[in-house]
Amino acid sequence: MNLTLKIWRQKDAASKGAIVDYQVKGIEGDMSFLEMLDVLNEELIVKGEEPVVFDHDCREGICGACSLQINGEPHGPDRLVTTCQLHMRKFNDGDTIYIEPFRAKAFPVVKDLMVDRSSFDRIQHAGGYISVNTSGNTIDANAIPVNKDDADDAFAAATCIGCGACVAACKNASAMLFTSAKVSQFALLPQGQIEATDRVLAMVNQMDEEGFGNCTNTGACEIECPKGISLENIARMNREYLKASLKG
Amino acid sequence: MGGLIKSSIARKVAMALSGLFLVFFLLQHFTINFTSIFSADTFNELSHFMGTNPLVQFALQPVLIFGVVFHFVMGFVLEIKNRNARAVKYAKYSGGENASWVSRNMIYSGLVILAFLGLHFYDFWIPEMVHKYVEFAPEDPTRYYPELLHKFVSPVRTGLYAVSFVFLALHLWHGFASSFQSVGFNNKYSVAATKFAKAFAIVIPLGFIIIALVLHLNHNH
Amino acid sequence: MSILDSKIPEGPLADKWTKHKNTINLVNPANKRNIDIIVVGTGLAGGSAAATLAELGYNVKTFCYSDSPRRAHSIAAQGGINAAKNYQGDGDSNYRLFYDTIKGGDYRSREANVYRLAEVSGNIIDQCVAQGVPFAREYGGLLDNRSFGGVLVSRTFYAKGQTGQQLLLGAYSAMNRQINRGKIEAFNRHEMLDLVKIDGKARGIIARDLVTGEIERHSAHAVVLATGGYGNVFFLSTNAMGSNVMAAWRAHRRGAFFANPCYTQIHPTCIPVSGDHQSKLTLMSESLRNDGRIWVPKRIEDAEAIRAGKLKPTQLAEEERDYYLERRYPAFGNLVPRDVASRAAKERCDAGFGVNKTGEAVYLDFASAIQRYGKEKALTSGMHNPTADEIRELGEKVIEDKYGNLFQMYEKIVDENPYKTPMMIYPAVHYTMGGLWVDYNLQTTIPGCYAAGEANFSDHGANRLGASALMQGLADGYFVLPYTIGDYLSHDIRTGKIPTDTPEFDEAEKHVTDRIEKLMGGSGQHSVDYYHKKLGKIMWNKCGMSRNEKDLKSAIDEIAALREDFWKNVKVPGEANGMNPELEKAGRVADFLELGEVFAKDALDRNESCGGHFREESVEQSGEQKGEALRDDKNFKYVSAWEYMGDPKDAKLHKEDLVFENIELKTRSYK
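Residues numbered from 1 in each chain as written. Chains lettered and ligands numbered in written order. Predicted model: local features only at pLDDT ≥ 70, side-chain atom pairs only at ≥ 80, totals over all residues.

### What about the overall build of chain B?
The number of helices and strands found in chain B is 8 helices and 0 strands. In terms of overall dimensions, chain B has C-alpha extents of about 55 × 40 × 40 Å along its principal axes. Look at the contacts in chain B between residues 6 or more apart in sequence, and 82% of them connect residues 24 or more apart. (Helix = DSSP H or I, 4+ residues; strand = E, 2+ residues; numbered from the N terminus. Contact = placed C-beta atoms within 7 Å.)

Below is the structure:
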């Protein structure tokens, strides 16, 4: 199939960017979206132009590196997939496809479609851990029994890949789904209870400092999340936060 | 309070709680108005009580006004903050693919309701205040129903009220149920609670519309 | 006597590690504050090492090419992590895990290292649970296990199909704690381009900030390389796009020996290549072979008809199918080890029986399992005369419960419903057992330069068992390196901060900038990917699942020629002083072009078949095992460690003899 691509090009963080039109030909349905961009880039390189820069790494939907707002949706029109797993058979010959970076003040553009998501890392630095020493001997793993449902819920929250689709989808560029997934994982486990109060306060505080918007419960994040992280996590974090605020 | 409201979650909870308070007020307002379509006397009686009881007038009324103002001001503050959180907009943004129109446009349904409140204050509250606290006119416990009826003579005003209630329904459709999530209520009762909230969002504004229409028709008879 | 000193401690196998820990030098806590360590790579091995070293008090700098340590490719590991906990009471022990690992590696790994790995395995699980890794649990609240890769006990801990992700996020969270304390300084989107040696010791690195293009100098008292494997030398592999050998290769060029480069694990169950545009391969968990039957058509005409789209696999009757694994290996059937299953698939496809349009795919069929489970389920749910459709439906449900997410992934990629038509699979490069040569302390042949995880060669011999990669990465990072590195650093407590304005740093930086200039200065005929794909084809065709002298020799020549062409004609657009992914790729491919040749050289030297390395010249000639891999313990019971001598063709081989005192060497048989 032949496609028209409208791609955001931006030299670096300081420069102004713009949408540039490209044509690609001979795209097959079996290609992933990123392989389609590889085809475009190969053509650009041969022509001596700079290829389109985008984040990607594992190309199997787990590292969370790939992003892209495709036709106005993070990771494109398919559900429960990342851009690297989105296949071109979801598009038709002659389609025009908008490809933009994930947009948020807290995700400044690095170049073209690549954004800086270190704000997510800083939220994690603030408290996304349990303070146990890794070098020492800890108690036997089975000395801490965990209710299976809680363990499963904690796992479900922990499957977040930190891609930022929640922020990109949200009309407010809110990072509540991301932050709440981490808070939930630990809140659900006995190991995480000890630092629960400080953790939620510190992580929410950092989230706010990074300049993400406020959650207005539109639910877009849950729909667009490639890992299906549930909105329940946000409610849980709200609860944890209120509890912690009243306590602290 | 100042420190608490600084965080995004605190603002969100404040928004939810003020919203819930207004929902409760709406229910109360609706209950009284509803009596007007079958018993002018009951309506007069209740209105007289609300209009003259010092507790209502000097304690609940200021709280209510504060609630309304807070909800609006906070709504605007959040809207501005949220717009700033995405400085560069998308060239193409398919918000409709992942979230409902009402949830994405609370500010607009809110603005319509704000405009309606202006009209509503102009129609009832300001004359009422002037009547009671400026002119110090003598209280007639039977004046409320005729005054009410008189307001709905105009088909334009009746129409404006009806349209505003539609926006109120839209606002409630997202806002009421969403407030549960905001205060951290998400458990096995959530589905039922959401259903109740959605039903409320339809029934109450629809009831208001019916009241307006009935009053309009009653007058013409 | 080889110049390679493995420094294996004396004494009985089970006491070596404890004794070693008790006798090595320590650094006192106050002095640790004055010592800097660089950790390159932040996957399971690097992340856990960085966190632990920082926690001990050292000043740690981490480097990774991703925007966050959380994206390292350890995250993609699906199945699980082995540990000799014996929670199931099925007779597991450190010794058994040790034995299985040595045997699985086809007797080409060091006994002492492997025993230590087994010994600390249990501690890994304790550690991970303490830091909140949500492993799968039973209803009683205790940890669940599953069995894996044909071993006789249930020792694999898992978190659904995302064990690597959960473990990596655990290590990343431990790092975060240290970053928050200021003990780790994380340099993300940075790539190590050279190792700096001062007085023969590793004292720092030259790194490039991938965003600004700036070349930076970083000094430290020791450098840890935890930079993963080099499977991407094949271009197509299950590795991440960015996975590369650069850091290890730069160290190699500075004097670190590279061990067993030819040991590659080719995983049998990956989604086949669909066309020339393919950029990477996706693994389907090995667990599928528990219920799937592997086959190709018996008649070559049928295979041709299928390839032409004229025939559907479901139209072939049972007797028209060749379940070749069941035919060749009646005892193990579809559950033979990875290397055996991969070679058998290649043999059939080479003979013309491949079933997709490229001719490189075999079927993995769940129809029998669906029937079997369906009937069983019908019986247990009290259905007396279930229809064929009902049985099918019930069976599909059982399969969905077990493998639902994998089937969904397959359908997303291939666009075929694997419940209705057999899956197509083909082997793909997955893991490299070879890597930087390290001694028992994980130190390379450069003092002060350590290698951990997949980047070193130490524990898996010629073939890695399933669920052992995660175990090794975390063992190295959490429990081995933090001890052994202290022994070395105890001599550095008076050294003070290493200055970066020395001739050695000048030289290394100049070397790096010259190289970048040269890469940018190619004549511009072909893209980097053009060369990478060509290299991959040579590697796959001549150094892949089955190797012979003639092909390996021609591979060596072809790679050398390709390398020459690359340096002349590669096209790297853009500028060096800014974000430039093509430049990054170019540097990595340039190193693959050197490694590839040493890889082929190593494969040529090792004229035996062992584990993932299969030499057509070394097969059983007679008896029941006729045609199977033949290991040659008499001549090849050694680790090959290659020393850099300038041109890859001049690489010098050093041998470390492997001594087996606790295990008897046997032939692996799966007949």
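Next, the rest of the story.
### Focus: the overall build of chain A
Helix and strand counts for chain A come out as 9 helices and 7 strands. Reported as C-alpha extents along the three principal axes, the dimensions of chain A are approximately 60 × 35 × 35 Å. The 248 residues of chain A split such that 62% are buried. Counting only contacts in chain A whose residues sit at least 6 apart along the sequence, the fraction spanning at least 24 positions is 70%. (Buried ≥ 20, exposed ≤ 12 C-beta atoms within 10 Å, placed from the backbone.)

### Quick look at the packing of helix H5 (residues 176–187) of chain A against helix H9 (residues 232–247) of chain A
Residue and element names in this part refer to chain A. Remark: H5 packs on H9, axes separated minimally by 8 Å, with the N-to-C direction vectors making an angle of 70 degrees. It follows that H5 is roughly perpendicular to H9 by the angle criterion. Facing Met-176, Leu-177, Thr-179, Ser-180, Ala-181, Val-183, Ser-184 and Ala-187 of H5, the residues of H9 in contact are Asn-233, Ile-234, Arg-236, Met-237 and Glu-240. Here the residues of the contact of H5 with H9 are counted per class, giving 7 nonpolar, 4 polar and 2 charged. (Axes fitted to C-alpha atoms, helices over the stretch in contact; angles between N-to-C directions. Parallel < 35°, antiparallel > 145°, perpendicular 65-115°, else oblique. Nonpolar A, V, L, I, M, F, W, Y, C, P; charged D, E, K, R; others polar.)

### So, the pairing of strand S5 (residues 96–100) of chain A
Consecutive side chains along a regular strand alternate between the two faces of the sheet. Residue and element names in this part refer to chain A. Counting buried residues in S5 gives 4 out of 5 residues, a clear majority hidden from the surface. The sheet contact formed by strand S1 (residues 3–9) and S5 spans 4 bridges and is parallel. Bridging across to S5, Leu-5 finds its partner in Ile-97. As paired elements, strand S3 (residues 69–70) and S5 share 2 bridges and run antiparallel to each other. The partner of Ile-70 across the bridge, within S5, is Ile-99. (Pairing = 2+ DSSP bridges.)

### Concerning the interface of chain B and chain A
With 34 residues of chain B at the contact, the number on the chain A side is 39 residues. When residues of the side of chain B that touches chain A are assigned to their parent elements, the largest contribution, 5 residues, is made by helix H1 (residues 8–35) of chain B. Residue composition of the side of chain B that touches chain A, grouped by class: 14 nonpolar, 13 polar and 7 charged.

### As for the sheet that holds strand S18 (residues 638–643) of chain C
All names here are of chain C. Taken together, 4 strands build an open sheet; the order of strands is S16-S10-S18-S19 and the sheet is antiparallel. Either end of the sheet is taken by a strand with one partner, and the two such strands are strand S16 (435–436) and strand S19 (652–657). Judged from the 2 bridges that link them, strand S10 (residues 258–259) and S18 form a sheet pairing that is antiparallel. When the bridges of S18 are listed, Phe-258 appears paired with Trp-642.

### Digging into the environment of Tyr-410 of chain C
All names here are of chain C. Positionally, Tyr-410 belongs in helix H12 (residues 388–414). Residues Tyr-410 and Val-619 lie 209 residues apart in sequence; the distance between their C-alpha atoms is 35 Å. Sequence-distant contacts of Tyr-410, defined by excluding residues within four places in its chain, comprise Ile-271, Met-284, Pro-418 and Met-423.

### Side note on the sheet that holds strand S6 (residues 190–198) of chain C
Residues and elements named next belong to chain C. Strand order in the open sheet formed by 3 strands is S6-S7-S8, and the pairing between neighbours is antiparallel. In the strand order of this sheet, the two ends are held by S6 and strand S8 (215–219), each with one partner. Taken over all neighbouring pairs, the strand axes of this sheet differ in orientation by 25 degrees on average, direction set aside. In this sheet, S8 lies alongside strand S7 (residues 201–209) in antiparallel orientation, the contact comprising 5 bridges. When the sheet's bridge partners are listed, Ile-205 is paired in S8 with His-218.

### Side note on the interface of chain A and chain C
Listed per partner, the contact involves 68 residues of chain A and 66 residues of chain C. Elements with a minimum of two residues in the side of chain A that touches chain C: helix H1 (33–46), strand S6 (109–111), helix H2 (118–127), helix H3 (148–158), H5 and helix H6 (190–193) of chain A. Considering each element in turn, the side of chain A that touches chain C owes the most residues, 7 residues, to H1 of chain A. Its residues assigned to classes, the side of chain A that touches chain C comprises 28 nonpolar, 22 polar and 18 charged.

### A few points about the environment of Arg-464 of chain C
Counting through the fold element by element, Arg-464 of chain C comes out in the loop between strand S17 (449–451) and helix H13 (469–489). Between the C-alpha atoms of Arg-464 of chain C and Met-433 of chain C, which are 31 residues apart in sequence, the distance is 6.9 Å.

### Regarding the domain arrangement of chain A
Residues and elements named next belong to chain A. Partitioning chain A into domains gives domain 1 (3–111) and domain 2 (117–247). Inter-centroid distance (C-alpha atoms) of domain 1 to domain 2 is 29 Å. Counting from both sides, the interface comprises 18 residues of domain 1 and, opposite them, 17 residues of domain 2. Taken together, the residues of the side of domain 1 that touches domain 2 sort by class into 9 nonpolar, 6 polar and 3 charged. (Domains from an automatic or database assignment.)

### Quick look at helix H7 (residues 196–209) of chain A
Given a rise of 1.5 Å per residue, 14 residues ought to cover 20 Å, and the 20 Å separating the end C-alpha atoms of H7 of chain A matches this to within 8%. Looking at the buried side of H7 of chain A, the elements it contacts are H2, H5 and H9 of chain A together with H1 of chain B. Note on H7 of chain A: the residue one or two positions beyond its end, Gly-211 of chain A, has a positive phi of about 90 degrees. (Expected span 1.5 Å × (residues − 1).)

### Side note on unusual backbone geometry
Residues and elements named next belong to chain C. One non-glycine residue, Asp-106, lies in the positive phi region at around 55 degrees. For Asp-106, the location among the structural elements is in the loop between helix H4 (94–104) and helix H5 (111–130). By C-beta crowding, Asp-106 is classed as buried, having 26 other C-beta atoms within 10 Å. If you check the backbone angles, Tyr-107 has positive phi at about 60 degrees while not being a glycine. In this structure, Tyr-107 sits in the loop between H4 and H5.

### Here we look at the nonpolar core
Grouped together as the largest cluster of nonpolar side chains are 296 residues, with contacts concentrated most on Val-40, Val-223, Val-224, Leu-225, Val-362 and Leu-436 of chain C. For this core, the element with the most residues is H13 of chain C, which contributes 12 residues. Composition of this core by domain shows at least three residues from each of domain 1 (3–111) and domain 2 (117–247) of chain A. Setting aside anything within four residues of it in sequence, one finds Leu-436 of chain C in contact with Leu-225, Ala-248, Ala-251, His-252, Ala-256, Phe-258, Ala-259, Thr-444, Ala-451, Ala-455, Asn-456 and Phe-457 of chain C. Membership of the second largest hydrophobic core comes to 22 residues, among which are Tyr-161, Leu-168, Ala-177 and Leu-215 of chain B. (Core = buried A, V, L, I, M, F, W, Y, C linked by C-beta atoms within 7 Å.)

### Describing helix H14 (residues 503–520) of chain C
Residues and elements named next belong to chain C. In this model, H14 (18 residues) spans 25 Å end to end at C-alpha, consistent with the 26 Å of a helix rising 1.5 Å per residue. Among the residues making up H14, those that are buried are Phe-505, Ala-508, Val-512, Ile-516 and Leu-519. Viewed along the axis of H14, the buried residues span an arc of 70 degrees, placing them on a single side of the element. Away from its buried face by more than 90 degrees, H14 exposes Pro-503, Asp-514 and Glu-517. (Arc of directions from axis to C-beta.)

### Focus: the pairing of strand S12 (residues 293–297) of chain C
Residue and element names in this part refer to chain C. Burial runs high along S12: 4 of the 5 residues are buried. Pairing between S12 and strand S14 (residues 362–365): 3 bridges, direction antiparallel. Paired with Arg-293 across the two strands is Asp-365, which belongs to S14. When S12 meets strand S13 (residues 321–322), the two strands line up antiparallel, connected through 2 bridges. Bridge pairing links Pro-297 to Arg-321 in S13.

### Here's the deal with the confidence of the model for chain B
Averaged over chain B, the pLDDT score is 93; the fraction of residues at 70 or greater is 97%. Taken element by element, chain B is modelled with least confidence in helix H6 (residues 144–151) of chain B, mean pLDDT 92, and with most confidence in helix H4 (residues 101–104) of chain B, mean pLDDT 97. (pLDDT = per-residue confidence, 0-100.)

### Things to note about the environment of Tyr-329 of chain C
Considering the arrangement of structural elements, one finds Tyr-329 of chain C in the loop between helix H9 (324–328) and helix H10 (338–353). On a C-alpha basis, the gap between Tyr-329 of chain C and Gln-315 of chain C in space is 26 Å, while along the polypeptide they are 14 residues apart.

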